[in-house]
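Coordinates in review
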Amino acid sequence: MAQTRNRLRIIGGRYRGRRLAFPDQPGLRPTSDRVRETLFNWLAPVIAGARCLDVFAGSGALGFEAASRGAAEVVMLERASPVARQLEANARMLDAARISIHRVDALQWLSSPGEPFDLIFVDPPFADGLLSPTIERLHDNGWVAPGTRIYLEAPIQVGLPALPSGWELIRDKTAGRTCYGLVSVIAEDSSHACGT
């Protein structure tokens, strides 16, 4: 049975102060309160009514926070069954009807054609090198459109990856051993890239 002694706290919105359990799982590290506070300050003008995709949901810290702050829909992708089961239990506990959880391999799911989301969280396990292939699939398969915001998180020694043409890094910061940034998809004929 999965251990659930790990807890995270929702820091703003409808579910503010609620504590959610998450199981022990290799590579699972919830985005810290400090980083989430900064990120959702950045997103305050666009979060209400947004369609959100949490690509590597893990603890659900980002997806649940988005739902708490008024997102219209949150789709969470999680491959590990014990983690997905806990996400489902947390969504039931919060009575969060706007959240759907899919037990899938994220890269495989994103390899199919999709409809654009307003906001996408990409915070994969650091050791797996998944940021760049995820970005490629989002860009190539219709998951983004002009105006889509994408949150990226990476280990500071690796840095944020190069971005496709038409993607622009609009905010970035570091916290401890983590660097993170907010990207906006802009007009297709512009070319912006960020290095490490």
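As the structure is a prediction and not an experimental result, all values here were calculated from the model. (Residues numbered from 1 in each chain as written. Predicted model: local features only at pLDDT ≥ 70, side-chain atom pairs only at ≥ 80, totals over all residues. Heavy atoms only, no water.)

Moving on to unusual backbone geometry. Despite not being glycine, D95 has its phi angle at roughly 55°, a positive value. Of note, D95 is situated in the loop between α3 (81-94) and β5 (99-102). Looking at D95, the relative accessible area reads 60%, which means it is exposed. (Helix = DSSP H or I, 4+ residues; strand = E, 2+ residues; numbered from the N terminus. Buried < 20%, exposed > 50% of the residue type's maximum accessible area, 1.4 Å probe, protein only.)

What follows concerns helix α2 (residues 61-68). An α-helical segment advances 3.6 residues per turn. Residues three or four places apart therefore align on the same side. Counting buried residues along α2, 8 of its 8 residues qualify, which places the element largely inside the surrounding structure. All of the buried residues in α2 are A61, L62, G63, F64, E65, A66, A67 and S68. Looking at the residues trailing α2, positive phi occurs at G70, about 105°.

Further remarks concern the packing of helix α1 (residues 33-43) against α2. Orientation of α1 relative to α2, taken along the N-to-C sense of each, is 45°, at an axis distance of 11 Å. In terms of their interaxial angle, α1 and α2 are classed as oblique. By crossing handedness, the relation of α1 to α2 is classed as right-handed. Contact with α1, carried on its side by R36, L39 and F40, involves A61, L62, E65 and A66 of α2 and no other residues of that element. (Axes fitted to C-alpha atoms, helices over the stretch in contact; angles between N-to-C directions. Parallel < 35°, antiparallel > 145°, perpendicular 65-115°, else oblique. Left-handed = near helix turned anticlockwise from the far one by under 90°. Contact = heavy atoms within 4.5 Å.)

Here we take up the nonpolar core. Of all hydrophobic cores here, the largest spans 38 residues; its most connected members are L39, C52, F64, I99 and F121. Of all the elements in the fold, those that place two or more residues in this core are β2 (19-22), α1, α2, β4 (73-77), α3, β5, β6 (119-122) and β9 (178-185). Those residues in contact with F121, other than ones at most four positions away along the chain, are L39, F40, L43, C52, L53, D54, V55, F56, L62, A66 and Y151. I120, L130, V144 and W167 belong to the second-largest nonpolar core, a separate cluster that totals 26 residues. (Core = buried A, V, L, I, M, F, W, Y, C linked by side-chain atoms within 4.5 Å.)

As a further point, take the pairing of β6. Here β6 shows a buried face lined by L119 and F121 and a second buried face lined by I120 and V122. In this structure, strand β3 (residues 51-54) lies alongside β6, joined through 3 bridges in parallel fashion. When the sheet's bridge partners are listed, D54 is paired in β6 with F121. Across 4 bridges, β6 lies against strand β7 (residues 149-155) in parallel orientation. Across the sheet, F121 pairs through a bridge with Y151, a residue of β7. The handedness of the β6 to β7 crossover, carried by helix α5 (residues 131-140), is right-handed. (Pairing = 2+ DSSP bridges. Right-handed = clockwise from strand over helix to strand, strands pointing away.)

Attention now moves to α3. Spanning 14 residues, α3 covers 20 Å between terminal C-alpha atoms, matching the ideal 20 Å at 1.5 Å per step. Of the residues trailing α3, D95 is marked for its positive phi of about 55°. (Expected span 1.5 Å × (residues − 1).)

Turning our eyes to something else, we now look at the confidence of the model for the protein chain. In the predicted model, the protein chain carries a mean pLDDT of 89, and the fraction of residues at 70 or more is 92%. Across residues 189-196, where pLDDT falls below 50, the model places 20 contacts with residues more than four positions away in sequence or in other chains. (pLDDT = per-residue confidence, 0-100.)

Looking now at the pairing of β4. The element β4 is largely enclosed, with a buried count of 4 among its 5 residues. Bridge analysis of β3 against β4 gives 4 bridges, and the strand direction is parallel. Its bridge partner lying in β4, L53 is registered against V75. For the segment spanning β3, α2 and β4, crossover handedness is right-handed. In terms of strand pairing, β4 meets β5 through 4 bridges, oriented parallel.

Looking at where E153 falls in the secondary structure, it is placed in strand β7. Residue classification places E153 among the buried positions, given a relative accessible area of 4%. Of note is the side chain of E153, whose polar atom sits 3.2 Å from the side chain of T31. Here E153 is in contact with R29, T31, V35, V122, D123, P124, F126, L131, L160, T178, C179 and Y180, once residues within four sequence places are set aside. (Polar contact = N/O pair within 3.5 Å; in protein donor to acceptor, adjacent residues only side chain to side chain.)

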